[in-house]
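A closer look at the structure
Chain by chain, the residues:
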Amino acid sequence: MNKIDLISEINRIKKEKNAVILAHNYQIGEIQDIADFVGDSLQLAKKAKDIKQDLIIFCGVTFMAESAKILNPNKKVILPVLDAGCPMADMATAEKINVFKKENPNLKVVTYVNSSAEVKAVSDVCCTSSNAVDVVEKLGAEKILFAPDKNLGTYVDEQVEGVEVLKWKGFCPIHERVTVEDIDRARSEHPGMEILVHPECPVEVFHKADFVGSTAQILEYVKNSELKGFIIGTEMGILHTLKKENPNKEMFILTEKLICENMKKTTLEDVYKALRDEENEIVIEGHIAIKANEALERMLNL
Ligand code: 13P
Ligand code: SF4
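Reference entry: report on the structure contained in this document. (Residues numbered from 1 in each chain as written. Chains lettered and ligands numbered in written order. Predicted model: local features only at pLDDT ≥ 70, side-chain atom pairs only at ≥ 80, totals over all residues. Heavy atoms only, no water.)

A closer look at the sheet that holds strand E6 (residues 125–127)
Inclusion rule: DSSP-based pairing: two strands are paired if at least 2 bridges between them are found. The secondary structure listing takes helices from DSSP runs of H or I that are at least 4 residues long and strands from runs of E that are at least 2 residues long, numbered from the N terminus. Angles here are taken between N-to-C directions and fall from 0 to 180 degrees, while the axes themselves are lines fitted to C-alpha atoms, restricted in helices to the stretch in contact. Residues count as neighbours in contact if any of their non-hydrogen atoms are within 4.5 Å of one another.
Judged by pairing direction, the sheet is parallel, and its four strands sit side by side in the order E6-E5-E7-E8 without closing on themselves. Looking at which strands have only one partner, the edges of the open sheet turn out to be E6 and strand E8 (164–167). Averaged over all pairs of adjacent strands, the angle between strand axes in this sheet comes to 30 degrees, irrespective of strand direction. As defined by bridge partners, strand E7 (residues 143–147) adjoins E8 across four bridges and the pair is classed as parallel. By the bridge assignment for E8, Phe146 is matched with Lys167. Here helix H5 (residues 94–103) sits on the sheet and contacts strand E5 (108–112), E7 and E8; the angle it forms with E7, its principal contact strand, is near 165 degrees. Strands E5, E6 and E7 of the sheet are contacted by helix H7 (residues 132–139), whose axis makes an angle of about 150 degrees with E6.

Comments concerning the site of ligand 1
Stated precisely, the cut-off is as follows: Whether a residue is near a molecule or strand is decided by its heavy atoms; if any one of them lies within 4 Å of it, the residue is near. Any pair of nitrogen or oxygen atoms within 3.5 Å is treated as a polar contact; in protein, a donor-acceptor pairing is required on top of that, and neighbouring residues in sequence qualify only through side-chain atoms on both sides. Reported accessibility uses the Shrake-Rupley method at a 1.4 Å probe radius. Residues are deemed covered only where the shown protein chains occlude them. Throughout, the protein atoms alone are placed on a 1 Å grid, and a set of points is a cavity if a 1.4 Å probe fits but cannot get out or a pocket if it is open with protein on both sides within 12 Å along at least five of seven lines; lining residues have an atom within 4 Å of a point. Think of it this way: if more than half of a molecule's atoms are within 2 Å of a pocket's grid points, that molecule is in the pocket or cavity.
Looking at ligand 1, the residues that line it are His24, Tyr26, Asp40, Ser41, Asn114, Ser129, His175, His198, Glu200, Ser214 and Thr215. A distance of 3.2 Å is found between an oxygen atom of ligand 1 and a side-chain nitrogen or oxygen belonging to Asn114. Note that an oxygen atom of ligand 1 is positioned 2.8 Å from one of the side-chain N or O atoms of His198. For ligand 1, the accessible surface in isolation is 300 Å², of which the surrounding protein chains cover 96%. A majority-of-atoms criterion places ligand 1 in the largest cavity.

Observations regarding the side chain of Asn72
Residue position: Asn72 is located in the loop between helix H4 (62–71) and strand E4 (76–78). Beyond its immediate sequence surroundings of up to four residues, Asn72 is in contact with Ala48, Lys49, Asp50 and Ile51.

Some points on the pairing of strand E9 (residues 194–197)
Relative to strand E11 (residues 229–233), E9 runs parallel, the two being bridged by four bridges. Following the sheet pairing, Leu196 is matched in E11 by Ile232. Bridge count between E9 and strand E10 (residues 211–212): two bridges; the pairing is parallel. Directly across from Val197, in E10, lies its bridge partner Val212.

Observations concerning the packing of helix H11 (residues 215–224) against helix H12 (residues 238–245)
The condition is simple: Here is the rule for angles: anything less than 35 degrees is roughly parallel, anything more than 145 is roughly antiparallel, 65 through 115 is roughly perpendicular, and the remaining ranges are oblique. Crossing handedness follows the turn of the near helix against the far one: under a right angle anticlockwise gives a left-handed crossing, and clockwise gives a right-handed one. Note that Gly is not counted as nonpolar here; it falls among the polar residues with everything else outside the nonpolar set of Ala, Val, Leu, Ile, Met, Phe, Trp, Tyr, Cys and Pro and the charged set of Asp, Glu, Lys and Arg.
One way to put it is that H11 packs onto H12 with a least axis distance of 10 Å and a crossing angle of 25 degrees. In this view, H11 runs roughly parallel relative to H12, as classed from their interaxial angle. Once H11 is placed against H12, the crossing between them reads as right-handed. Within the contact between the two elements, H11 uses Thr215, Ile218, Leu219, Val222 and Lys223 and H12 uses Ile238, Thr241, Leu242 and Glu245. Here the residues of the contact of H11 with H12 sort into five nonpolar, two polar and two charged.

Notes on the sheet that holds E9
Spatial ordering of the open sheet is given by E10-E9-E11-E12, a layout of four strands whose pairing is parallel. Of all strands in the sheet, those with a lone pairing partner are E10 and strand E12 (250–253), marking the two edges. Running over the sheet, H12 touches E11 and E12 and is turned about 170 degrees from E12.

A word on the site of ligand 2
Lining the immediate environment of ligand 2, one finds Tyr26, Val61, Cys86, Pro87, Met88, Asn114, Cys172, Ile174, His175, Glu200 and Cys260. Under a 2 Å grid-point criterion requiring more than half of the atoms, the pocket assigned to ligand 2 is the largest cavity.

With respect to empty space enclosed by the protein
Put simply, the test is: Grid points are joined across faces, edges and corners, and a volume is the space filled by probe spheres set on the points.
Throughout the structure, instances matching the rule amount to two cavities of 30 Å³ or more. Estimated volume of the largest cavity: approximately 230 Å³. Lining the largest cavity are 25 residues, and of these Tyr26, Met64, Asn114, Glu200 and Met263 sit closest to its centre. Per-class residue counts for the lining of the largest cavity are twelve nonpolar, ten polar and three charged. For the second largest cavity, the calculated volume is near 70 Å³. Mapped by element, the contributors of at least two residues to the lining of the second largest cavity are helix H3 (41–49) and H4.

Some words on helix H8 (residues 150–159)
What counts, and what does not: Accessible area is worked out with a 1.4 Å probe on protein chains only. A residue is then buried under 20% of its type maximum, exposed over 50%, and partly exposed in between.
Where H8 is concerned, the buried positions are Asn151, Leu152, Gly153, Thr154, Tyr155 and Val156. Where H8 is buried, its residues contact E5, H7, E7, E8, helix H10 (203–207) and E10. With a side-chain oxygen lying 3.0 Å from the backbone nitrogen of Asn151, the N-terminal cap of H8 falls on Asp149.

Some details on the pairing of E7
So the rule is basically this: A crossover counts as right-handed when, viewed with the strands pointing away from the observer, the path leading from the first strand over the helix to the second turns clockwise.
The buried fraction of E7 amounts to four of the five residues, a majority that puts the element mostly inside the structure. In terms of strand pairing, E5 meets E7 through four bridges, oriented parallel. Looking at the pairing, Thr111 lines up with Ala147 of E7. Between E7 and its parallel partner E8, the chain crosses via H8, and the hand of that crossover is right-handed.

Written out as structure tokens, the structure is:
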């Protein structure tokens, strides 16, 4: 099928089956364009919770589709490409977190949503990159373990006072590719432009940036800024919406290394097949779903 036919079939089946398509800001442009809603992890989690349609096609990676299922368990959630995972999420296991908790009994576990349902289930509260500082501040704990992202953990540690933050050793292999040299090169190639980065970048990188935020916060920042040029230090899929929303502003990616292979796996063909066949359904074991839901709901309540 050609692209036009694929899009019209997607829209036809979507209507027929009362389905909705959610997509993350890192998805390829074509997917973002056919989605009913595009957002960052927090926006997608909130949206998923309130979805009325019967079927959710989640264009993102596993942990995001799992969060949608956990927050709205009566809906059928499909991840179009089953092996679209997140290597950072795989860097923490529930078993190892439990061992850590036993060795360090007087702390709360704050888990980034980029984690498996099992890890969320053994956590006290979840957070995303846009609310991590807020969640830790409002939690009121004296000591926390922040898992799995050591970079976001350090960012939180630097922003929040009076909380001891122990960090898991996980990281995003994509954002970890960014170097201080990339920042220096961008500054000399594009003087006057601001550098906006995601807090998953290495600490020395976000220290040299002009703004640090989640994908939605970067989009918001550019929209509200008077400036005409920006260097973007997060996965390049975000440039699609950035350029669409800001046709008169110039945007450059900080480095071509910022491409998440897993986020790029989903194609229009995959979405069409997901709608047609309803395969790759997200299923989460009952007691894990209940415990993970508590951690996610606590985040939304905080
Ligand atoms: P956001 O929550 O900022 O969308 O980030 C998700 C993610 O996977 C970043 O790599
Ligand atoms: Fe995971 Fe990094 Fe890809 Fe985000 S960009 S989904 S953290 S691997």
